Amino acid sequence: MEKVIKNLKWDGFGFPVVFSEIPAIKINGKLVPNVNWKMVRTFVLAAMCAQQETALTGHQIQFIRKHFEMTIRDFAKWIGVSHSIVVEWEKHCAKPAKIESHTEFVLRLYAIKKCHDDNLPIEADNTIEAAVESIKLDVLKKKDGPTKPFPVRQLSPKFAMEANL
């Protein structure tokens, strides 16, 4: 019988994510997630950028930048702003980063495209669309309020098999 952890709230990305079911193994008598965190991180990134209806937070901007292994200066150069602007965005922590809407739109599109270009084994057909379909975001509509954790539905058997360490 496959072991799973139900309703795991995890803050490891800098903001809370809730997995409804995630493959697990027992280590020292405790169930721990048994997944490829790079793949899970890509799932979360794709869904956050494609489906989140509220502005990105400072923690989420930092998550995107670090996911693509960019320094603040490199990230700022790509976006077309000064590095001090990126520092200011990231300082907003769990609050909306106050990015110009067109800049945030381009950033989201870039992140989705980059996830797709990385061609990670996401779901059955290796497309970012499958990743986005696999996650349902549930965020507060308040502009300055905190976001709720992202609920992630059960990982498919194929994903679970590929994601096992």
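Residues numbered from 1 in each chain as written. Predicted model: local features only at pLDDT ≥ 70, side-chain atom pairs only at ≥ 80, totals over all residues. Heavy atoms only, no water.

## Let's talk about the pattern of salt bridges
Then, number 1: Here the structure, examined in full by the defined rule, presents four salt bridges.
Then, number 2: Where Glu90 meets Arg65, a salt bridge forms, and the shortest distance between an N and an O atom there is 2.6 Å. A residue pair is termed long-range when its members are at least 10 positions apart, and Glu90 in helix 4 (residues 83-91) and Arg65 in helix 2 (residues 58-67) qualify at 25 residues. We note that Glu90, like Arg65, is buried.
Then, number 3: Linking Glu104 and Arg108 is a salt bridge whose minimum nitrogen-to-oxygen distance equals 2.7 Å. Of this pair, Glu104 and Arg108 both sit in helix 5 (residues 101-117), four residues apart, which is roughly one turn of that helix. Each member of the pair, Glu104 together with Arg108, is buried. (Salt bridge = Lys/Arg side-chain N within 4 Å of Asp/Glu carboxyl O. Helix = DSSP H or I, 4+ residues; strand = E, 2+ residues; numbered from the N terminus. Buried < 20%, exposed > 50% of the residue type's maximum accessible area, 1.4 Å probe, protein only.)

## Here's the deal with the packing of aromatic side chains
Then, number 1: A full pass over the atoms with the stated rule returns nine aromatic pairs.
Then, number 2: Taken together, the ring pairs connect Trp10, Phe13, Phe15, Phe19, Trp37 and Phe63 into an aromatic cluster. (Phe/Tyr/Trp six-rings, centres within 6.5 Å; stacked < 30°, edge-to-face > 60°.)

## Description of helix 5
Then, number 1: When the terminal C-alpha atoms of helix 5 are compared, their 24 Å separation across 17 residues agrees well with the 24 Å that a helix rising 1.5 Å per residue should span.
Then, number 2: Of all the residues in helix 5, the buried ones are Thr103, Glu104, Leu107, Arg108, Ala111, Ile112 and Cys115. Looking down the long axis of helix 5, one finds its buried residues gathered within 165 degrees of arc, a one-sided arrangement. Facing away from the buried side of helix 5 by over 90 degrees, the exposed positions are His102 and Phe105. (Expected span 1.5 Å × (residues − 1). Arc of directions from axis to C-beta.)

## Thoughts on unusual backbone geometry
Then, number 1: If you check the backbone angles, Cys93 has positive phi at about 50 degrees while not being a glycine.
Then, number 2: The residue Cys93 is located in the loop between helix 4 and helix 5 in this model.
Then, number 3: Under the relative-accessibility criterion, Cys93 is labelled partly exposed at 35%.
Then, number 4: Positive phi values are uncommon outside glycine, yet Lys98 reaches one of about 60 degrees.
Then, number 5: Structurally, the position occupied by Lys98 is in the loop between helix 4 and helix 5.

## A look at the nonpolar core
Then, number 1: Core analysis: the largest hydrophobic core is formed by 31 residues, its most contacted members being Leu45, Met48, Ile61, Ile64, Phe75 and Trp89.
Then, number 2: Of all the elements in the fold, those that place two or more residues in this core are strand 1 (4-10), strand 2 (17-27), helix 1 (37-51), helix 2, helix 3 (72-79), helix 4 and helix 5.
Then, number 3: Counting residues per element, this core draws most heavily on helix 1, which supplies five residues.
Then, number 4: If sequence neighbours within four positions are ignored, Phe75 has contacts with Ile61, Ile64, Arg65, Met70, Val86, Trp89 and Leu107. (Core = buried A, V, L, I, M, F, W, Y, C linked by side-chain atoms within 4.5 Å. Contact = heavy atoms within 4.5 Å.)

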